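Here is what each chain is made of, one letter per residue.
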Amino acid sequence: MEINDFKFVDEIDWISFYASPSLGVRNRWVTYYTTKSQLIELTQALNAAFPREHYIIDGDVYDSNRRNLLSIGVSINIKKDLLHRDIKSIKPLSGNWTLVDQTESRYIYENQSYRVYVTKDPVNDGYIVVLARNNWLERLHL
């Protein structure tokens, strides 16, 4: 075999690596990287919309257990204080947000990129804020 023959075999290997959907390692890595980058983006958006200087946030941003085929979201817990005694007072501060749905225990805001769900937290006597992408898959989730 000549050197050119090995180059051809090497190219076939790379083509099969990229074309093969059954290769689990590659698919898991791509999924992990995509999910991780989405979580970082969502975390930055959540921190911008609900700054720590304005709300008493209990702990760090965490995964909201919404990771499924339809949506990925991040959450924070907000404690009640003198300015934020009811759910109406918990709203995103930065950006153009529109209230799209409300009940006694849940408010939903959206802008062009994201949806924010504010719900009462009965366990900790505060609020849970979830931020997810605003797309048609997210609307199917609820």
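Scope of this entry: the structure provided in the associated data block. (Residues numbered from 1 in each chain as written. Predicted model: local features only at pLDDT ≥ 70, side-chain atom pairs only at ≥ 80, totals over all residues. Heavy atoms only, no water.)

What follows is about the sheet that holds strand 3 (residues 98-102). Taken in spatial order, the 6 strands line up as 1-2-6-5-4-3 in an open sheet, and their pairing is antiparallel. Where the open sheet ends on each side, the last strands, each with one partner, are strand 1 (56-63) and strand 3. Geometrically, the sheet is characterised by an average inter-axis angle of 20° between neighbouring strands, direction not taken into account. Sheet topology places strand 4 (residues 106-110) next to strand 5 (residues 114-121); 5 bridges connect them, and they run antiparallel. Bridge pairing in strand 5 places Glu110 opposite Arg115. (Pairing = 2+ DSSP bridges. Helix = DSSP H or I, 4+ residues; strand = E, 2+ residues; numbered from the N terminus. Axes fitted to C-alpha atoms, helices over the stretch in contact; angles between N-to-C directions.)

Once that is clear, we can look at the packing of aromatic side chains. What the rule picks out here adds up to 2 aromatic pairs. Summarising the aromatic geometry, the rings of Phe50 and Tyr55 are spaced 5.5 Å apart at their centres and angled 50° between planes, so their arrangement reads as tilted. For Phe50, a relative accessible area of 1% corresponds to the buried category. Residue classification places Tyr55 among the buried residues on the basis of a relative accessible area of 2%. Between the aromatic rings of Tyr107 and Tyr109, the centroid separation amounts to 6.4 Å while the plane-to-plane angle is 35°, which identifies the pairing as tilted. (Phe/Tyr/Trp six-rings, centres within 6.5 Å; stacked < 30°, edge-to-face > 60°. Buried < 20%, exposed > 50% of the residue type's maximum accessible area, 1.4 Å probe, protein only.)

Another aspect to go through is the nonpolar core. Across soluble globular proteins, nonpolar side chains show a tendency to be buried alongside one another. If you look at the biggest cluster of nonpolar residues, it comprises 23 residues, and the most contacted ones within it are Phe50, Ile78, Ile90, Val116, Val118, Val129 and Leu131. At the level of elements, helix 2 (24-49), strand 2 (73-79), strand 4, strand 5 and strand 6 (126-133) are the ones that each hand at least two residues to this core. Take this core: its biggest share by element is 5 residues, from helix 2. When sequence neighbours within four positions are dropped, the list of residues in contact with Val118 reads Ile87, Ile90, Ser105, Arg106, Tyr107, Tyr109, Tyr127, Ile128 and Val129. (Core = buried A, V, L, I, M, F, W, Y, C linked by side-chain atoms within 4.5 Å. Contact = heavy atoms within 4.5 Å.)

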